[in-house]
Amino acid sequence: MELVGHDDAVYCLQFDNDKIVSGSRDETIRIWDTKTGALRRILAGHTSSVFCLQFSYNTLISGSSDATLIQWDLATSRVVRTLHGHTDNVLSVGFDERHIVSCSKDRTVRIWKRRNGESVGTLKGHRGAVNSLQFKRGIVVSAAGDRTIKLWSIETGQQVRTLQGHTGAVASVHYDPSTHLVVSGASDNTVKVWDTRIGECTGNLVGHSSVVRVVQSDGVYRIVSGSYDRTVRVWDLRTGKCWCELDARNGGHKEKVFALGLDEARVVSCSEDKRIVVHDFSAAADERFFV
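What you are looking at is a predicted structure, and each value in this text was computed from that prediction instead of being measured.

> Mind laying out the overall build of the chain, listing which residues take part and the relevant values?
The helix and strand inventory of the chain stands at 0 helices and 28 strands. Expected size for 291 residues packed as a compact globule is a radius of gyration near 19 Å; at 18 Å, the chain falls within 12% of this value. Taking the principal axes of its C-alpha atoms as reference, the chain extends roughly 50 × 45 × 30 Å. Per-residue burial over the chain gives 57% buried out of 291 residues.

Below you can see the structure in the form of structure tokens.
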């Protein structure tokens, strides 16, 4: 299934069993029905590209190249507040019950109070644009153009660990605290797997032919990566072998892949080709996706 409606490149998405939420260079956020692909709503509030978003229940937070974050109430489609503080493109965002964390081309990670949007801290240490972050269980994991991945304590604001090994800018990071797993994708065309307990790279996945713009994992069996080479790859986390490659030949994308998500049966991805593609493996003869 493909979802068509954005007027320009689709940069970010998140989905659950009910809805797919996407953000685009066309400055809008669109909400789609996961099962039917029907467009439900359009949210307009940013004045430039929507680069990142995260939702949980009725709260959605988006970040933009207009250097702001917007907190939305999904029940009413209204803006709750706009957060100002970054001085350049907001590239990634995460939040929990207490905090919102965002990162930017301005080389910083900012911490905000979720209840009122107050800026309460800035994490400085990267020497390049901070391209991606994950925020889980009090730990912020940030990936940057300086080729490093940093782990920070949300409570102290201190660096916990720095992971080094990529030979190009790190474009994306995934963090699973339950398994101490970090997965990263970079402009060196590789996907790397890290153990945060020892700070070492435990896997190097080679196959993409351009920037690995996004990585996701279930933390146990699968890693899924999307690249500027126009492909999405599904890897075996345990062996590092590529299970399958999704591209234009099997209904995939015709241009750069910018973001994706996965669950037990689906991979949903978005691209410069203005499309969102849902690959549903639930009826596939090849059941390795469920290993």
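Still more ground to cover, so stick around.
> Account for the sheet that holds strand E1 (residues 2-4), naming residues and giving values.
Across the sheet, 4 strands lie side by side as E1-E28-E27-E26; this open sheet has antiparallel pairing. If you trace the sheet from one side to the other, it starts and ends with E1 and strand E26 (257-262), each paired once. The mean angle between the axes of side-by-side strands here comes to 15°, regardless of whether they run parallel or antiparallel. Relative to strand E28 (residues 275-280), E1 is paired through 3 bridges, and the arrangement is antiparallel. Bridge assignment links leucine 3 to a residue of E28, and that residue is isoleucine 276.

> Outline the environment of valine 206, listing residues and values.
If you trace the backbone, valine 206 turns up in strand E21 (residues 200-206). By relative accessible area, valine 206 is classed as exposed at 58%. Once the C-alpha coordinates of valine 206 and cysteine 242 are considered, the two residues, 36 residues apart in sequence, prove to be 9.0 Å apart.

> Help me get a handle on the state of the cysteines, residues and values and all.
Disulfide: a covalent bond formed between the sulfur atoms of two cysteine residues. Tallied over the entire structure, the rule returns 0 disulfides. In this structure cysteine 12 is not part of a disulfide, and its nearest cysteine sulfur, from cysteine 52, lies 6.3 Å away. Here cysteine 244 stays unpaired: no disulfide links it, and the sulfur of cysteine 242, its closest cysteine neighbor, is 6.5 Å away.

> Give me the nonpolar core: which residues, what numbers.
Counting 12 residues, the largest nonpolar core is built from Cys12, Val21, Ile29, Ile31, Leu43, Val50, Leu53, Phe55, Leu60, Ile70, Trp72 and Leu74. Counting only elements with at least two residues in this core, the list comes to strand E4 (28-33), strand E6 (50-56) and strand E8 (68-73). In this view, isoleucine 31 contacts Lys19, Ile20, Val21, Ala38, Leu39, Arg40, Arg41, Leu43 and Leu74; residues no more than four positions away in its chain are not counted.

> Can you lay out the side chain of threonine 28 for me, pointing to particular residues and giving the numbers?
Tracing the sequence through the fold places threonine 28 in strand E4. Polar contacts involving the side chain of threonine 28 include one to the side chain of aspartate 26, which spans 2.7 Å. Dropping the residues within four chain positions of it, threonine 28 is found in contact with His6, Ser22, Gly23, Ile42, Leu43 and Val50.

> Before we move on, could you go through unusual backbone geometry and cite the residues and values that matter?
Positioned with a positive phi, glutamate 27 is a non-glycine residue whose angle comes to about 80°. Relative to the helices and strands, glutamate 27 resides in the loop between strand E3 (19-24) and E4. Since its relative accessible area comes to 34%, glutamate 27 is described here as partly exposed. The phi torsion at arginine 137 lies on the positive side, around 50°, for a residue other than glycine. Turning to its location among the elements, arginine 137 is positioned in the loop between strand E14 (130-136) and strand E15 (139-144). Residue classification places arginine 137 among the exposed residues on the basis of a relative accessible area of 67%.

> Quick one: what's the story with the pattern of salt bridges, residue by residue and with numbers?
Evaluated as defined, the whole model comprises 15 salt bridges. In this structure, arginine 40 and aspartate 33 form a salt bridge, with 2.9 Å as the shortest nitrogen-oxygen distance. A salt bridge links arginine 249 to aspartate 247, with the nearest nitrogen and oxygen atoms 2.6 Å apart. Looking at aspartate 247, the relative accessible area reads 9%, which means it is buried. When salt bridges that share partners are traced, they join Glu2, Asp273 and Arg275 into one network.

> An account of the environment of glycine 207 is needed here, citing residue identities and associated values.
In this structure, glycine 207 sits in the loop between E21 and strand E22 (212-217). Residue glycine 207 is classed as partly exposed on the basis of its relative accessible area, which comes to 30%. Between the C-alpha atom of glycine 207 and that of arginine 233, which follows or precedes it by 26 residues, the distance is 8.6 Å. Glycine 207 has contacts with Arg233 and Trp235, leaving out every residue within four places of it along the chain.

> Summarise the pairing of strand E13 (residues 119-124); cite the residues concerned and give the values.
Note: strand E12 (residues 108-113) against E13, 5 bridges, orientation antiparallel. Bridge pairing in E13 links tryptophan 112 to serine 119.

> Which residues make up the pairing of E15, and what values do they have?
Most of E15 sits out of view: 6 of its 6 residues are buried. By the alternation rule, side chains of E15 split into Ile139, Val141 and Ala143 and Val140, Ser142 and Ala144, which are all buried. Alignment of E14 against E15, held across 6 bridges, turns out to be antiparallel. When the sheet's bridge partners are listed, valine 130 is paired in E15 with alanine 144. Taking the residues that link successive antiparallel strands as the turn, the E14-E15 hairpin has 2 residues, and the phi of arginine 137 there is positive, at about 50°. Bridge count between E15 and strand E16 (residues 148-153): 5 bridges; the pairing is antiparallel. Directly across from valine 141, in E16, lies its bridge partner leucine 151. The antiparallel hairpin formed by E15 and E16 contains 3 residues in its connecting segment, where arginine 147 sits at a positive phi of about 75°.

Conventions used here
Counting restarts for each chain: residues are numbered from 1 in the order of the written sequence. Only residues with pLDDT of at least 70 get local features here, since the model is predicted, and only at 80 or more are side-chain atom pairs given and counted; chain-wide, interface and lining totals rely on the full set of residues. No hydrogens and no water enter the side-chain calculation; it runs on all heavy atoms of the structure. Strands are runs of DSSP state E lasting at least two residues, helices are runs of H or I lasting at least four, and both sets are numbered from the N terminus onward. Our radius of gyration is a C-alpha quantity, and the globule rule it is checked against amounts to 2.2 Å times the number of residues to the power 0.38. Burial here depends on accessible area, computed with a 1.4 Å probe over protein chains only, as a share of the maximum for the residue type. Under 20% is buried, over 50% is exposed, and the range in between is partly exposed. Two strands qualify as a pair provided that DSSP identifies no fewer than 2 bridges between them. Each axis is a line fitted through C-alpha atoms, and for a helix only the stretch in contact is used; angles between axes span 0 to 180 degrees, taken between their N-to-C directions. Here, the term disulfide refers to a pair of cysteine sulfur atoms separated by no more than 2.5 Å. Within this scheme, the nonpolar core is defined by two criteria: the residues are buried Ala, Val, Leu, Ile, Met, Phe, Trp, Tyr or Cys, and they are joined through side-chain atoms within 4.5 Å. We call two residues contacting when some pair of their heavy atoms lies within 4.5 Å. Here a polar contact is recorded for every N or O atom pair within 3.5 Å, except that within protein the pair must consist of a potential hydrogen donor and a potential acceptor, and residues adjacent in sequence are included only if both atoms are side-chain atoms. Counted as salt bridges are all cases of a side-chain nitrogen of Lys or Arg within 4 Å of a carboxyl oxygen of Asp or Glu.

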